[in-house]
Amino acid sequence: MPIEYFPTNLTMPPPPPPPPPPQEPVVFDASVLQHQANLPSQFIWPDHEKPCLEPPELAIPPIDFGSFLSGDPLAVSRLAQQVHEACEKHGFFVIVNHGVDPKLIAEAHECMNKFFGKQLAEKPAQRKIGEQYGYASSFTGRFSSKLPWKETLSFRYCADNQSSNIVQEYFLNVMGEEFEEFGKVYQEYCEAMNTLSLGIMELLGVSLGVGHEYFRDFFQGNDSIMRLNYYPPCQKPDLTLGTGPHCDPTSLTILHQDHVSGLQVFVDEKWHSVTPDPEAFVVNIGDTFMALSNGIFKSCLHRAVVNSVTVRKSLAFFLCPKMDKVVKPPNTLVDYKNPRVYPDFTWSALSEFTQKHYRADMKTLDVFTTWLQQRNNREDTKKYFSLLIRLIK
Ligand code: OGA
Ligand code: NI
């Protein structure tokens, strides 16, 4: 018997597929995930962003910061030139002989081992969506794809006189008495980073021809961020990233990495690894300093990869201006041949933009600039119409 043929069935659209079940935010419990051969899909990065695990090493001579501090004019001008070349090209250099006590650095790492070694439920100050400070395991609540394979603890450091114990107070009051000692260590560490970053600002000022004082003064009373990055091992390190490719939206980053490699920077159109040296600090320019230098110094594009064997740790100090300070380049860096590249903005506005509207990546500053210009245009139009209405009345 021939099969009956109902042409109407063919033209009927198929019933819509059932909606996918809402994706539960994945819980990043390192003690479990580090042994798992199948990564949750949220951690698998698209092919074009997957890491290269053995890239060429970036060979750049370190800056001997001690000889800059010595004030010897010949050494200062040589180092200023070296820094200028590095920052103009890729926004990244390494400093040695920096004067920070190695015992303090070792203690800061030791506290990280103790903190991140705790069970997930015992880690205090867990960040909720919209919060900037506290413990975050892989931003699992905020994003649903391209999650970084890491845990972080972030807190505020502020160099003004009224906040002289801000880090210590955070550990004691928010994290609890058990963490009081950690607070002392990180308060001291942040103070050392504040001193070092202001010294580096002198070097950047000299290398941009605006003198020792200009940027040092700009960052007096800075409102900075300290972040502890903890990258657990991962059984499929070729599928994921510890930190995706990004430029730091902040001004200057001073990073201390332990002995495990993982940091990569993008130079000459290729990813390069930065071999860790526990005696050195890695320094990079961020978006806000790129704007301050009128685009002469580049915000460094970087990322971090993970490995299947060892935990990797880094301590990142992000120097930021006071919240309401206007970010604009000194007049000497602007002329008719070098017009302003970025509009005036405040760190408060850029910081809010990266928390509420845009996940920091390699385009943050350009997207922020366009957003700001559109907002300013909208405000100008509003002002214009309200003036017009008043005139008509
Ligand atoms: C960061 C960062 C790199 C690293 O925290 O912004 O880029 O090696 N970290 O941990
Ligand atoms: Ni970074």
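Residues numbered from 1 in each chain as written. Chains lettered and ligands numbered in written order. Predicted model: local features only at pLDDT ≥ 70, side-chain atom pairs only at ≥ 80, totals over all residues. Heavy atoms only, no water.

Undergrad: I'd like a rundown of the overall build of the protein chain, residues and numbers included.
TA: Counting its secondary structure elements, the protein chain contains eleven helices and 14 strands. Over its C-alpha atoms, taken along the principal directions, the protein chain stretches across nearly 100 × 70 × 45 Å. The burial tally for the protein chain puts 50% of its 393 residues in the buried class. The long-range fraction of contacts in the protein chain, counting pairs at least 24 apart against all pairs at least 6 apart in sequence, stands at 76%. Here the protein chain has roughly 20,000 Å² of accessible surface; of this, 55% comes from carbon and sulfur atoms. Charge separation in the protein chain, taken as the distance between the mean sites of 36 positive and 45 negative side-chain charges, equals 7 Å. (Helix = DSSP H or I, 4+ residues; strand = E, 2+ residues; numbered from the N terminus. Buried < 20%, exposed > 50% of the residue type's maximum accessible area, 1.4 Å probe, protein only. Contact = heavy atoms within 4.5 Å. Areas by Shrake-Rupley, 256 points an atom, 1.4 Å probe, with all protein chains shown as cover. Lys, Arg positive; Asp, Glu negative; His and termini not counted. Charge placed at Lys NZ, Arg CZ, Asp CG, Glu CD.)

Undergrad: Which residues make up the UniProt feature "domain: Fe2OG dioxygenase" (unreviewed entry) in the protein chain, and what values go with them?
TA: Within the UniProt annotation, "domain: Fe2OG dioxygenase" (unreviewed entry) is assigned to residues 221–321. Between the C-alpha atoms that bound residues 221–321 there is a distance of 8 Å. The span itself is 6% helix and 44% strand. (UniProt positions renumbered as here; feature names shortened; annotations may be inferred.)

Undergrad: Tell me about the pattern of salt bridges, and please be specific about residues and values.
TA: Going through the model one piece at a time under the given rule, you end up with ten salt bridges. The shortest N-O distance in the salt bridge between Asp-268 and Lys-89 comes to 3.4 Å. Of the two residues, Asp-268 sits in the loop between strand S8 (263–267) and strand S9 (270–273) while Lys-89 sits in helix H4 (residues 73–89), which places them 179 residues apart along the sequence. On the basis of relative accessible area, Asp-268 is assigned to the exposed category, the value being 52%. (Salt bridge = Lys/Arg side-chain N within 4 Å of Asp/Glu carboxyl O.)

Undergrad: Tell me about the coordination of the nickel ion (ligand 2), residues and numbers included.
TA: Donor atoms from the polypeptide that bind the nickel ion (ligand 2) are His-246 (NE2), Asp-248 (OD) and His-302 (NE2), placed at 2.1 to 2.2 Å. For the nickel ion (ligand 2), the donor residues sit on a single chain with the sequence spacing H-x1-D-x53-H. Taken together, the residues span a long stretch of sequence, with Asp-248 in the loop between strand S6 (243–246) and strand S7 (252–257) and His-302 in strand S11 (residues 302–304) at a distance of 54 residues. With respect to class, Asp-248 is no different from His-302; both count as buried. (Donors = N, O, S within 2.8 Å, 3.2 Å for Na, K, Ca; no water.)

Undergrad: So what about the packing of helix H5 (residues 102–116) against helix H7 (residues 180–207)? Which residues, and what values?
TA: Following both chains from N to C, one finds H5 and H7 inclined at 135°, their axes separated by 10 Å at the closest point. For the element pair H5 / H7, the angle class is oblique. Judged by the twist between their axes, the crossing of H5 over H7 is left-handed. Residues Leu-104, Ile-105, Glu-107, Ala-108, Cys-111, Met-112, Lys-114 and Phe-115 of H5 form the contact with H7, whose participating residues are Phe-182, Val-185, Tyr-186, Glu-188, Tyr-189 and Ala-192. Among the residues making up the contact of H5 with H7, the classes are represented as eleven nonpolar, no polar and three charged. (Axes fitted to C-alpha atoms, helices over the stretch in contact; angles between N-to-C directions. Parallel < 35°, antiparallel > 145°, perpendicular 65-115°, else oblique. Left-handed = near helix turned anticlockwise from the far one by under 90°. Nonpolar A, V, L, I, M, F, W, Y, C, P; charged D, E, K, R; others polar.)

Undergrad: An account of helix H10 (residues 347–357) is requested, with residue identities and associated values reported.
TA: Looking at H10, one finds that the buried residues are Trp-347, Ala-349, Leu-350, Ser-351, Phe-353 and Thr-354. Packing partners of the buried residues in H10 comprise strand S5 (223–231), helix H9 (287–292), strand S13 (326–327), strand S14 (345–346) and helix H11 (364–392).

Undergrad: Please give an account of the sheet that holds S8 that cites residues and values.
TA: By way of backbone hydrogen bonds, the strands of a sheet pair with one another, either parallel or antiparallel. On the basis of which strands lie adjacent, the open sheet formed by four strands has the order S6-S11-S8-S9 and antiparallel pairing. Since the sheet does not close on itself, it has two edges, and those belong to S6 and S9, each with one partner. In this sheet, adjacent strand axes meet at a mean angle of 25° when their direction is disregarded. (Pairing = 2+ DSSP bridges.)

Undergrad: So what about H5? Which residues, and what values?
TA: Here H5 is 15 residues long and its end C-alpha atoms lie 21 Å apart, about the 21 Å a rise of 1.5 Å per residue gives. Among the residues of H5, Leu-104, Ile-105, Ala-108, His-109, Cys-111, Met-112, Phe-115 and Phe-116 are the ones counted as buried. Summarising the axial view, the buried residues of H5 lie within an arc of 155°, below the 170-degree limit, and thus occupy one face. Exposed residues lying more than 90 degrees from the buried face of H5 are Pro-102, Lys-103 and Lys-114. Between the side-chain oxygen of the N-cap and the backbone nitrogen of Lys-103 there are 2.9 Å, and the N-cap of H5 in question is Asp-101. (Expected span 1.5 Å × (residues − 1). Arc of directions from axis to C-beta. Polar contact = N/O pair within 3.5 Å; in protein donor to acceptor, adjacent residues only side chain to side chain.)

Undergrad: Account for the sheet that holds strand S10 (residues 281–285), with residues named and values stated.
TA: Spatially, eight strands are ordered S1-S2-S10-S7-S12-S5-S4-S3 in an open sheet, and the strand pairing comes out mixed. Looking along the sheet, the strands with just one partner apiece sit at the ends: strand S1 (63–64) and strand S3 (134–137). In terms of strand pairing, S7 meets S10 through four bridges, oriented antiparallel. Pairing of Thr-253 across the sheet is with Asn-284, part of S10. Contacts from H5 reach S3, strand S4 (151–158), S5, S7, S10 and strand S12 (312–319) within the one sheet, and its direction differs from that of S12 by about 115°. Packing of H7 onto the sheet brings it into contact with S1, strand S2 (92–96), S4, S5, S7, S10 and S12, and relative to S7 it is tilted by some 125°.

Undergrad: How would you summarise the environment of Val-282 if you had to cite specific residues and measurements?
TA: Relative to the helices and strands, Val-282 is located in strand S10. Residue classification places Val-282 among the buried residues on the basis of a relative accessible area of 6%.

Undergrad: Explain the nonpolar core to me, and be specific about the residues and the numbers.
TA: The biggest cluster of nonpolar side chains holds 93 residues, and the ones touching the most others in it are Phe-93, Phe-155, Phe-171, Tyr-186, Ile-200, Leu-204 and Phe-289. Non-local contacts of Phe-155, meaning those with residues more than four positions away in its chain, are made with Tyr-133, Val-167, Tyr-170, Phe-171, Tyr-186, Cys-190, Ser-224, Ile-225, Met-226 and Leu-228. Residues Ala-30, Leu-39, Phe-43 and Cys-234 belong to the second largest nonpolar core, which totals 13 residues. (Core = buried A, V, L, I, M, F, W, Y, C linked by side-chain atoms within 4.5 Å.)

Undergrad: Lay out the site of ligand 1 in plain terms, naming residues and giving numbers.
TA: Taken together, Asn-229, Tyr-231, His-246, Asp-248, Leu-255, Leu-263, His-302, Arg-312, Ser-314 and Phe-318 form the complete shell of residues around ligand 1. A distance of 3.0 Å separates an oxygen atom of ligand 1 from a polar atom in the side chain of Asn-229. Within the contact set of ligand 1, an oxygen atom lies 2.6 Å away from a side-chain nitrogen or oxygen of Ser-314. Relative to its free-state accessible area of 290 Å², ligand 1 is covered by the protein chains to the extent of 97%. If you list the elements that add at least two residues to the shell around ligand 1, you get S5 and S12. With three residues, S12 is the single largest residue contributor to the shell around ligand 1. Split into classes, the residues belonging to the shell around ligand 1 amount to four nonpolar, four polar and two charged. (Near = heavy atom within 4 Å.)

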